[in-house]
Amino acid sequence: MAHMPAGGIALHGTSYKKALQIAQRGLFDGSYLCTIPNPNFKAFKCRWESEQLFNGSYLPACDEREFFSRSVGAALFTLSYSLSDRHKKSGFHSNGERNPLPAVVIFADYSAERADFNLLGNDLETSFYRLLPSFQSRLYYSFGKRNWFRSSKPEVSAIAHLSKDDMEQIREQAKARAASSHTRTFKALSSRMKKDALVLKTLQLIERLALEGKPSEILVL
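Model, not experiment: these values are computed from the prediction.

Tallying secondary structure elements over the protein chain gives five helices and ten strands in all. Across the 221 residues of the protein chain, 44% fall into the buried class. Contacts in the protein chain between residues far apart in sequence, at least 24 positions, make up 76% of those at least 6 positions apart. Here the protein chain has roughly 11900 Å² of accessible surface; of this, 49% comes from carbon and sulfur atoms.

Okay, here's the thing in structure tokens:
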């Protein structure tokens, strides 16, 4: 992550269908970005140091462990949107999709001109718990979201998404693990496993972007 673009990377949680629309048209009105800044970017370091006092409590030092934690938290924050019911077609969401596939849109160099980082979530610490299957159980804090006010459309660098096969495989694994447990156990396991899978794909794409040095290429995997 130390090799990220100077302006950092922004994530946007949505469904796969809408992710493709964003790749073509840019962000929609009233959208948001969840930011992952470059840890070595001077503006980010200065901002972190200047905001170490917040509501009387200290922010931790931004070391590698803290930065990775908040990067995962930022991805989880967007996933809470991509996995939400607002993407499902229903009486309450007539513009939704019948079978929405979760996705995360990745924007690189989103703020090279104007560094505007929200280090504390939506003005508060936003925490997430992750369980199965990829990482040890622990608490993650997000860098947080901010509204998108710029008029120019950002370039989409990559889209991480779960395919129908991914969704079906997760469903079968969750069903096997839940066994004879309550239906709520199956739903909780399924949701957590989807989040883990998408977080992992998101971090792999960010690493690939950094290694290939192609922040403006659209990658649909």
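Structure shown, so let's carry the discussion forward.
The end-to-end C-alpha distance of helix α5 (residues 183-212) is 43 Å, a good match for the 44 Å that 30 residues give at a rise of 1.5 Å each. A positive backbone phi angle near 60° is found at Gly-213, which sits one or two residues after α5.

On to the pairing of strand β1 (residues 9-15), then. Extensive coverage of β1 is indicated by the burial of seven of its seven residues. Side chains of β1 alternate between two faces, with Ile-9, Leu-11, Gly-13 and Ser-15 and Ala-10, His-12 and Thr-14 buried alike. Note: β1 against strand β2 (residues 32-36), three bridges, orientation antiparallel. Residue pairing for β2: Leu-11 is matched across the bridge by Cys-34.

A word on the packing of aromatic side chains. A full pass over the atoms with the stated rule returns six aromatic pairs. Between the aromatic rings of Tyr-32 and Tyr-81, the centroid separation amounts to 4.5 Å while the plane-to-plane angle is 35°, which identifies the pairing as tilted. Of this pair, Tyr-32 sits in strand β2 while Tyr-81 sits in helix α3 (residues 64-82); the two residues are 49 residues apart in sequence, bridging distant segments of the chain. You can call Tyr-81 partly exposed: its relative accessible area is 21%. Ring geometry for Phe-44 versus Phe-143: centroids 6.0 Å apart, planes at 75°, classification edge-to-face. Here the residue Phe-44 occupies a position in helix α2 (residues 42-50), and Phe-143 occupies one in the loop between β7 (138-141) and β8 (145-147), the gap between them amounting to 99 residues. Assessed through its relative accessible area of 1%, Phe-44 is described here as buried. Classification of Phe-143 as buried rests on a relative accessible area of 0%. Following the ring pairs from residue to residue traces out a cluster consisting of Phe-44, Trp-48, Phe-67 and Phe-143.

How each quantity is defined
- Residues numbered from 1 in each chain as written.
- Predicted model: local features only at pLDDT ≥ 70, side-chain atom pairs only at ≥ 80, totals over all residues.
- Heavy atoms only, no water.
- Helix = DSSP H or I, 4+ residues; strand = E, 2+ residues; numbered from the N terminus.
- Buried < 20%, exposed > 50% of the residue type's maximum accessible area, 1.4 Å probe, protein only.
- Contact = heavy atoms within 4.5 Å.
- Areas by Shrake-Rupley, 256 points an atom, 1.4 Å probe, with all protein chains shown as cover.
- Expected span 1.5 Å × (residues − 1).
- Pairing = 2+ DSSP bridges.
- Phe/Tyr/Trp six-rings, centres within 6.5 Å; stacked < 30°, edge-to-face > 60°.

Just geometry here; none of it tells us what the structure is for.
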